[in-house]
Amino acid sequence: MRSLTLEGVSFWYPATDSPALRNVSLHVARGEIVALVGALGAGASTLLLVAADLAPRVTGGRLTGSAARHDRSGIVLPTPWTQASGMAFSVWDEVAFGPANLGWPTHEIARQVDRALEQLELAPLASRDPVTLSGGELQRVIIAAILAMDPGLVLLDEPAAELDSDGARTLWRLIRLLAKEGKAVLLATSTLDALPEVADRVVWLEDGAIRAVGPPDLLADVAACDAGLGTSVATVWRTSGLPGPYPLTVAHALRRWR
Amino acid sequence: MLALALVLTLTPGAGSSPGLRPGLVVLRTVLLTAAPFWVFLLVLHDVATTVAIGLRITTMVASFVWLVAALEPARLVEAMVAAGWSASLAYLFGATLSAVPVLKARAQRIVEAQRARGLSARGGIAARLRALRALALPLVLSALHEVDERALALETRGLVPGIRRTPLAPPPDTPVERAARWALLLACLFALFRRVM
């Protein structure tokens, strides 16, 4: 069952001549995790904004092709400090901001907020003032705030950018859990090492167009490594002059050695 | 009215600043904001007119500063939503009131970053003016840039026109407070009527 279907989507930001997305066709099924990778400016963030129905509706610009969303979406943007509501005394209130805007009854809001706080290991911070949090803590709060709205389609733009390694590991585990619950996850990330364990499919974007789609093995492809999109292990393998296809992870590399 | 505003301004708990009583911080802000108006009025008018207009301006400034200092924007939003106002409109009021501390915090970060790069805000008037110019541009530009991202973030968090937001913790609204509000409104209308007639 599809959660998002994009057919031949091209998108131009206002007052620009060249499109940020070119003829992109992509579908994301419920329970699937799709990762968008590419160089800076490849179009991953724009693709997420289109998927969230924010571009062109809020950003302005022009879209051709069709974008069908079959579930309510929630998007986490890369800068947590611009996503805080500024209207909350505590982390709990911050996470409850979205559910309250949906008009849910208070008991349902409380259930979803408590669950999201547990999922992001934020329960001990529930009474803290959001302005006193570190960047990583605030990023987790924003992710919890989106999950508390129970979106069927979860869109994440560089979700691990502000997190330390423990926080990132928790996040990747949570993303797998969300997929198991049946949510569709579309994420743009430059943390490529996590993708072999997390993503079901990888979409390689280049200059606004899809260059390749495939399993995470795509990140061990010679061309992907040449474009700087290999995992750390694949990149080391390539730099050492060893022959391709490159191993994705340390476990893969060990198997190759033996 | 001015006396009332100043008394309210001195109310403890209206703001916070290390080393100064909160009320005094608000009073200082009021006086610093109103002072330029008094100077201009004195240049343009006689003493009697200056005092008459200056007191009105000071009253307005004192009322606004006291409101900003004493009112928690989140509490205002909750109260407005509970009273049946549109959530978007309530957020507009709340965001306006919360803009002052947000911009202050950002200005502090910019000043610290500029200090780290060797730009000092200390010294004579010329040095301070240079520092002010160096602060104003990034402050305004970053605020404008943030507007786009904040609009996207609020949209995705459900703050769209026409929603019926659930009040999470509406402040208690006692019959006495309701009566006081109506009395103040009637007093304003009566004053306006007397002024016009």
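Please refer to the structure placed before this passage.
Now for a quick tour of the structure. Along each chain, residue indices are assigned from 1 in the same order as the chain's sequence is written. Note on labels: chains are lettered from A, ligands numbered from 1, in written order. At least 70 in pLDDT is required for a residue's local features to be given in this predicted model, at least 80 for side-chain atom pairs to be given and counted, and no such filter applies to totals for whole chains, interfaces and linings, which use all residues.

Details of the packing of helix 5 (residues 87-116) of chain B against helix 6 (residues 125-156) of chain B
Working note: a packed helix pair is described by the angle between its axes plus the distance between those axes. Residues and elements named next belong to chain B. Under the convention used in this document: The axes used here are C-alpha line fits, helices contributing only the stretch in contact, and every angle between their N-to-C directions lies in the interval 0 to 180 degrees. The helix and strand labels rest on DSSP assignments: H or I over at least four residues marks a helix, E over at least two residues marks a strand, and numbering proceeds from the N terminus. Our angle categories are set so that under 35 degrees counts as roughly parallel, over 145 as roughly antiparallel, 65 to 115 as roughly perpendicular, and the remainder as oblique. By convention, the crossing between two helices is left-handed when the near helix turns anticlockwise from the far helix through less than a right angle, and right-handed when the turn is clockwise. Two residues qualify as a contact pair if the distance between their C-beta atoms, derived from the backbone, is within 7 Å. Ten residues, namely Ala, Val, Leu, Ile, Met, Phe, Trp, Tyr, Cys and Pro, are considered nonpolar, four, namely Asp, Glu, Lys and Arg, are considered charged, and the remaining ones, Gly among them, are considered polar.
At their nearest, the axes of helix 5 and helix 6 sit 10 Å apart, and the two run at 130° to each other. By the criterion of interaxial angle, the relationship of helix 5 to helix 6 is oblique. In this structure, the crossing between helix 5 and helix 6 has a hand that is right-handed. Of the residues in helix 6, those touching helix 5 at Leu103, Arg106, Ala107, Ile110, Val111 and Gln114 are Ala134, Leu135, Pro138, Leu139, Ser142 and Ala143. Residue composition of the contact of helix 5 with helix 6, grouped by class: nine nonpolar, two polar and one charged.

Things to note about the nonpolar core
What tends to happen in soluble globular proteins is that the nonpolar side chains get buried as a cluster. To keep things clear, this is the line we draw: Any set of buried Ala, Val, Leu, Ile, Met, Phe, Trp, Tyr and Cys residues joined through C-beta atoms within 7 Å is what this text calls a nonpolar core. With C-beta atoms placed from the backbone, the exposure class of a residue follows from how many other C-beta atoms lie within 10 Å of its own: 20 or more, buried; 12 or fewer, exposed; in between, partly exposed.
Counting 106 residues, the largest nonpolar core has Ala35(A), Leu36(A), Leu48(A), Val95(A), Ala144(A), Leu186(A) and Leu219(A) as the members making the most contacts within it. Examining the composition of this core, we find that eight residues originate from one element, helix 4 (residues 135-147) of chain A, more than from any other. Once residues within four sequence positions are removed from consideration, Ala35(A) is found in contact with Leu187(A), Thr189(A), Leu195(A), Ala199(A), Val202(A) and Val203(A). Counting residues in each nonpolar core, the second largest holds eight residues, with Ala62(B), Val65(B), Trp66(B) and Ala69(B) among its members.

Some points on the packing of helix 4 (residues 73-82) of chain B against helix 5 of chain B
Residue and element names in this part refer to chain B. Two elements in contact, helix 4 and helix 5, have axes whose closest approach is 8 Å; the angle formed by their N-to-C orientations is 160°. Compared by their axis directions, helix 4 and helix 5 come out roughly antiparallel. The hand of the helix 4/helix 5 crossing is right-handed. Here Pro73, Ala74, Leu76, Val77, Met80 and Val81 of helix 4 come into contact with helix 5, specifically with Ala87, Ala90, Tyr91, Phe93, Gly94, Leu97 and Ser98. Looking at side-chain class alone, the contact of helix 4 with helix 5 contains 11 nonpolar, two polar and no charged residues.

Without other data, these values stay purely geometric and don't point to any function.
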